[in-house]
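Read off the chains here:
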Amino acid sequence: MASMTETLILHGILPLQHLDRLERLSRNHSDEEAVVRGLVADGVLTEAHVTRARAIQRGLDFVELLEYPVDRTAVSMVSSAICRRHGVLPIGVEGGRIRLATADPNNVFAIDDVRAATHLVVEPVMAEQHDLAAAMDRYLRADDELSDLTTTLEEESTSSDAALVTESSEDDAPIVRVVNLLVSQAIQDQASDIHIEPAEHELRVRYRIDGVLHEMQSAPKAIQNGVISRLKIMSDIDIAERRKPQDGRMSVVHGGRQIDLRVATLPTVWGEKVVMRILDNSNTAMSIRDLNLLERNYAVYEKAISKPHGMILVTGPTGSGKSTTLYSTLGAVARPEINVITVEDPVEYRMDGINQVQVNPKAGLTFASALRSILRSDPDVVLLGEIRDHETAQIAIEASLTGHLVLSTLHTNDAPSAVVRLTEMGIEPFLVGSALDCVVAQRLARKLCDRCKQPAEPTVEELDRLGFPSVGPDGSPVHLFAPVGCRQCSNTGYRGRIALHEVMAVSEEIERLTVERASSADVARVAKRQGMLTLRQDGFAKALLGLTSLEEILRVAV
């Protein structure tokens, strides 16, 4: 059998221009595996290249699962438990043979288990490890198991609610497994919210993925009370109270990570609706650079957060990524030598080294009272979850004027409106002008799938009608991209989201307009003249970079 390096060269996997690098590594390492690892570390080869070479050595086929037309019939022939236990995926069946994608073709236990489950001859093919894991997450969904469980529960629906709640204390109870599957599937699909909605004849489940709700598996009406009772128990919510909205919180472990969910119940005519917001703590590890701010916006924002005092506001509707921006900012400013305290309702993400306070109105701990108390705790940086009323706004403004850096959110449509909103809350305009340093308005737009996006050439008339330039700074025509759809993005054309920003620095001229109680239109006019990019302009700049599409900008930015 040819050696690995010979296979890489003979089959054209290793580009010829890198042969000198191969020779140098070979002189330094007697172990061929170390030579290959060195080529991967240098970026000369990828893990897929190495897997392909190993497949050739073994006389097996190599498949790229992102492009391969996986046969769902083959997938359904082997249980997801067997596939996940052995790290394999059936991808096709024909003529009494089943093709089995694996990263380890020497795993005879996997081949034996698949043969026993299907009674077919197993034909192993090799796939790259990460590619295989992604394909397993995509195809080994919980739908079939959910169907089986809900059918079982429907047959047992003569049980009382009390029995269902008692059943839920057992880890292997059907209700427990249904709830666990619904939550784990949502996390796996990278959903931000889970909606469990009672209807007249069924229990509807929807996931919000990339800002858009997708209908998932519906369940029989008979299991409604059991599912909702189980969720209430997990969230420490009163299961006997069904007449008024309640809030709670729960934690689950998925893929070795602890993920928190914020739970809210709402009585409807067909029963209690439950909405769970998935709070993935991995978002808090983002840096400000990860927010995809354009260079001008990044410079303005970094200058504002570098000041020892002042107020910075992030504005936008619910679900526009304000919390992610603020937590990323906290990560940038928090240091061992400063005291950072947050007041939130609720505390969405737990962060190390930061003092986080949960608002509790029933106990008298409101935003205003908590803020007043923490100012006596010697803070350097204060994060206030939201400015909701005059009292909170007044204390926050005074805190920023007495040597504290205050970060908070406000619900306005754009950055200039934040100035006017604060004065409308009853804050003296001269205090707003003095305290406010920077306002960031933002929206979330869906990000184009890197694998399938295609160049698009909008007409000059279309661009003119939308107010976008038809030529670039160098006079060349603008080039945009459009969504297409592929397996990787579930045929939506989009994968993930990207923030659009409107960053307004409060200059002396804007401060003067604030004192004069000028309109938001006047403030916006001055801010644009001083270099502020509107949400739509920022979106167009990101469309030119190939990050999103023209349609998506128009959907989220007015």
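Rules used throughout
- Residues numbered from 1 in each chain as written.
- Predicted model: local features only at pLDDT ≥ 70, side-chain atom pairs only at ≥ 80, totals over all residues.
- Heavy atoms only, no water.
- UniProt positions renumbered as here; feature names shortened; annotations may be inferred.
- Salt bridge = Lys/Arg side-chain N within 4 Å of Asp/Glu carboxyl O.
- Helix = DSSP H or I, 4+ residues; strand = E, 2+ residues; numbered from the N terminus.
- Buried < 20%, exposed > 50% of the residue type's maximum accessible area, 1.4 Å probe, protein only.
- pLDDT = per-residue confidence, 0-100.
- Contact = heavy atoms within 4.5 Å.
- Core = buried A, V, L, I, M, F, W, Y, C linked by side-chain atoms within 4.5 Å.
- Arc of directions from axis to C-beta.
- Polar contact = N/O pair within 3.5 Å; in protein donor to acceptor, adjacent residues only side chain to side chain.
- Pairing = 2+ DSSP bridges.
- Axes fitted to C-alpha atoms, helices over the stretch in contact; angles between N-to-C directions.

As annotated in an unreviewed UniProt entry, the protein chain is Type II secretion system protein GspE from Labedella populi. Turning to the protein chain, the UniProt record has this under Sequence similarities (unreviewed entry): "Belongs to the GSP E family."

S.K.: Mind showing me how you'd approach the pattern of salt bridges here?
M.R.: When the charged atoms of two side chains with opposite charge come close together, those side chains can pair. A complete count under the given rule lists 25 salt bridges for this structure. Glu-123 is paired through a salt bridge with Arg-97; the nearest N and O atoms lie 3.5 Å apart. Residue Glu-123 is located in strand 3 (residues 121-126), and its partner Arg-97 is located in strand 2 (residues 97-102); the two are separated by 26 residues in the primary sequence. The class of Glu-123 is partly exposed, set by a relative accessible area of 24%. One salt bridge connects Glu-197 with Arg-204, and the closest N-O pair in it is separated by 3.1 Å. With a relative accessible area of 8%, Glu-197 lands in the buried category. One network of salt bridges, in which partners are shared, links Glu-197, Arg-204, Arg-206, Glu-215 and Lys-273.

S.K.: Help me understand the UniProt feature "domain: Bacterial type II secretion system protein E" (unreviewed entry) in the protein chain in this model?
M.R.: If you check UniProt for "domain: Bacterial type II secretion system protein E" (unreviewed entry), the listed places come out as residues 375-389 in our numbering. With 0% helix and 27% strand, residues 375-389 has its two end C-alpha atoms placed 18 Å apart.

S.K.: Would you explain unusual backbone geometry in this entry?
M.R.: Excluding glycine, residues mostly carry a negative phi; peptide bonds, for their part, are mostly trans. Even without being glycine, Asp-236 reaches a positive phi, approximately 60°. With respect to the element layout, Asp-236 can be found in the loop between helix 12 (224-234) and strand 8 (246-254). When its relative accessible area of 71% is taken as the criterion, Asp-236 is described as exposed. Unlike most non-glycine residues, Asn-292 shows phi in positive territory, near 60°. Following the sequence through the fold, Asn-292 ends up in the loop between strand 10 (271-279) and helix 13 (295-305).

S.K.: How do you make sense of the confidence of the model for the protein chain when you look at a structure like this?
M.R.: When pLDDT is low, close inspection of the predicted coordinates is not appropriate. When pLDDT is averaged along the protein chain, the result is 84, and 88% of the positions lie at 70 or above. Mean pLDDT across the elements of the protein chain ranges from a minimum in helix 10 (residues 161-167), with 45, to a maximum in strand 11 (residues 310-315), with 95. Every residue in residues 158-169 is under pLDDT 50, and counting partners more than four places away or in other chains gives 15 contacts.

S.K.: What am I meant to see in the nonpolar core here?
M.R.: Met-311, Leu-313, Ile-387, Leu-422, Leu-436 and Met-504 are the most contacted members of the largest nonpolar core, which totals 41 residues. With residues up to four places along the chain from it excluded, the contact list for Ile-387 reads Met-311, Leu-313, Thr-392, Ala-393, Ala-396, Ser-408, Thr-409, Leu-410 and Met-425. Ranked by size, the runner-up nonpolar core spans 28 residues in total, among them Ala-186, Ala-219, Val-227 and Val-274.

S.K.: Would you mind showing me how to read helix 8 (residues 129-139) here?
M.R.: Note: α-helices contain 3.6 residues per turn, so residues at a spacing of three or four share the same orientation. Inspection of helix 8 places Asp-131, Leu-132, Ala-135, Met-136, Arg-138 and Tyr-139 among the buried residues, and these make up the whole buried set. Down the axis of helix 8, the buried side of the element spans an arc of 160°, and every buried residue falls inside it. Buried residues along helix 8 sit in contact with helix 5 (72-76), helix 6 (80-86), strand 1 (88-94) and strand 2. Looking at where helix 8 begins, the residue whose side-chain oxygen comes 3.1 Å from the main-chain nitrogen of His-130 is Glu-128.

S.K.: Would you take a moment to explain the pairing of strand 6 (residues 212-215) for this structure?
M.R.: Taken together, the four bridges between strand 5 (residues 202-209) and strand 6 define a ladder with antiparallel strand orientation. Looking at strand 6, one finds that Arg-208 is bridged to Leu-213. Hairpin connection from strand 5 to strand 6: two residues lie between these consecutive antiparallel strands, with Asp-210 at a positive phi of about 55°.

S.K.: Hey, could you run me through the sheet that holds strand 3 in this one?
M.R.: In sheet architecture, strand pairing relies on hydrogen bonds along the backbone and comes in two forms, parallel and antiparallel. Strand order in the open sheet formed by three strands is 1-2-3, and the pairing between neighbours is mixed. Of all strands in the sheet, those with a lone pairing partner are strand 1 and strand 3, marking the two edges. This sheet shows a mean twist of 30° between the axes of neighbouring strands, independent of strand direction. Of the strand pairs in this sheet, strand 1 and strand 2 are connected by six bridges, and their pairing is antiparallel. In the sheet register, Val-93 faces strand 2, and the bridge partner there is Ile-98. Of the strands in this sheet, strand 1, strand 2 and strand 3 are in contact with helix 7 (residues 108-118), which crosses strand 3 at around 135°. Those strands touched by helix 8 are strand 1 and strand 2, and its axis lies near 70° from that of strand 1.

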